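Below, each chain spelled out in residue letters.
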Amino acid sequence: MKYTLLFSLLIIFASCGVTTDSSNVESADHQAVKVAKKTSGELDKYAKAYFASGCFWCVEAVYESVRGVEEAVSGYAGGKHPNPTYRLIGTGTTGHSETVEVYYDPEVVSFETLVKVYYGSQDPTTVNGQHPDYGSQYRSIIFYQNDEEKKIAENFKANLDASGEYSKPIATEIVPFKKFYPAEDYHQDYEKLNPNQPYVRSVSIPRLKRFQKKFPELLK
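Everything numeric here is computed off the predicted structure, so don't read it as measured data. (Residues numbered from 1 in each chain as written. Predicted model: local features only at pLDDT ≥ 70, side-chain atom pairs only at ≥ 80, totals over all residues. Heavy atoms only, no water.)

## Some remarks on the overall build of the chain
Using the following cut-off: Runs of H or I in DSSP of at least four residues are treated as helices and runs of E of at least two as strands, each being numbered from the N terminus. Exposure categories follow from relative accessible area, calculated using a 1.4 Å probe and restricted to protein chains: below 20% of the type maximum is buried, above 50% is exposed, and the middle band is partly exposed. Two residues qualify as a contact provided that any one of their heavy atoms is within 4.5 Å of a heavy atom in the partner residue. The method behind every accessible area is Shrake-Rupley, applied with a 1.4 Å probe, and residues are considered shielded solely by the protein chains displayed.
The secondary structure content of the chain amounts to 9 helices and 8 strands. Across the 220 residues in the chain, those meeting the buried criterion constitute 47%. In the chain, once contacts between residues fewer than 6 apart in sequence are set aside, the share between residues at least 24 apart is 78%. Surface summary for the chain: the accessible area is close to 11400 Å², and the carbon and sulfur share equals 55%.

Given below as structure tokens:
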């Protein structure tokens, strides 16, 4: 009985969903350091792309380490609820996934390279999640905004499936982009602002380091 309880507690504390909502006190790390997101006006000259692959804290940190990416914003996309919140999407009933909006300079990094980053920073064969986070809100999705992006995403997925790199089929959904809702402020730059949070230490930072080791040529 006690081992079952201990295992359950470990799963809870190693989950992207354990953070408090905006009505609660932020962590000491988050209070100590503030990283200002650029305003929409400052980002108007950049192209945007949208990716989901598990916890958005992890995905945001990965993309912000890539040369040519100016900003990455955590949020929600892919569902039908008009005003999703972290609490709502956590139920797995709104259809949204934790998604990152990536602002990038196409003269420095291409959309195809961002797709390469996407697949190279996760296990794309996992259905509805990335360990240790599972549920439809953690599913893997590439949101395309035009036919060119759709073609790039579909070709990359098909080539990866055919490569034999994975023993299971690629589970990534490729769907048209409709609307992105930025997440609550306390989610932005979460990994950077909360380096000692248990999930960040045990899951998010190791995931970032694995990506950086795999693709050093893409880093800032």
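Further notes follow.
## Comments concerning unusual backbone geometry
For residues that are not glycine, phi is negative in most cases, and the peptide bond is trans in most cases. Of the consecutive residues His-131 and Pro-132, the connecting peptide bond is found in the cis state with omega at 5°. Note on placement: Pro-132 falls in the loop between strand E4 (129–130) and strand E5 (133–134). At Asp-189, a residue that is not glycine, the phi angle is positive and equals roughly 55°. Assignment of secondary structure puts Asp-189 in the loop between strand E8 (180–182) and helix H8 (190–193).

## Focus: the state of the cysteines
Test applied: For the purposes of this analysis, a disulfide is any pair of cysteine sulfur atoms at a distance within 2.5 Å.
For the coordinates displayed, the defined rule picks out 1 disulfide. The side chain of Cys-16 participates in a disulfide bridge whose partner is Cys-55; the two sulfur atoms lie 2.0 Å from each other. The disulfide joining Cys-16 to Cys-55 has a torsion of about 55° about its S-S bond and is therefore right-handed. Placement of the pair is Cys-16 in the loop between helix H1 (2–13) and helix H2 (28–32) and Cys-55 in the loop between strand E1 (47–52) and helix H4 (56–64), with a sequence separation of 39 residues. As far as burial versus exposure is concerned, Cys-16 and Cys-55 are alike and both buried. You can see Cys-58 has no disulfide; the closest cysteine sulfur is in Cys-55, sitting 4.4 Å from it. Looking at Cys-58, the relative accessible area reads 1%, which means it is buried.

## Here's the deal with the side chain of Thr-99
How we decide: N or O atoms closer than or at 3.5 Å make up a polar contact, with two conditions inside protein: a donor-capable atom paired with an acceptor-capable one, and, for residues adjacent in sequence, both atoms drawn from side chains.
Within the fold, Thr-99 resides in strand E3 (residues 97–104). Residue classification places Thr-99 among the buried positions, given a relative accessible area of 0%. A distance of 2.9 Å separates a polar side-chain atom of Thr-99 from the backbone oxygen of Ser-97. Here Thr-99 is in contact with Tyr-50, Phe-51, Ala-52, Phe-56, Val-73, Ser-74, Gly-75, Tyr-76, Ala-77, Phe-143 and Phe-180, once residues within four sequence places are set aside.

## Looking at the confidence of the model for the chain
As a reminder, the rule being used: Per-residue confidence from the prediction method is given by pLDDT, with values spanning 0 to 100.
Overall, the predicted model of the chain reaches an average pLDDT of 87, with 84% of residues at or above 70. Long-range and interchain partners of residues 19–34, a stretch whose pLDDT sits below 50, account for 26 contacts in this model, where long-range means more than four residues apart.

## Describing the environment of Asp-189
On the accessibility criterion, Asp-189 (4% relative accessible area) is buried. Sequence-wise, Asp-189 and Ser-74 are 115 residues apart; in three dimensions their C-alpha atoms are separated by 8.2 Å.

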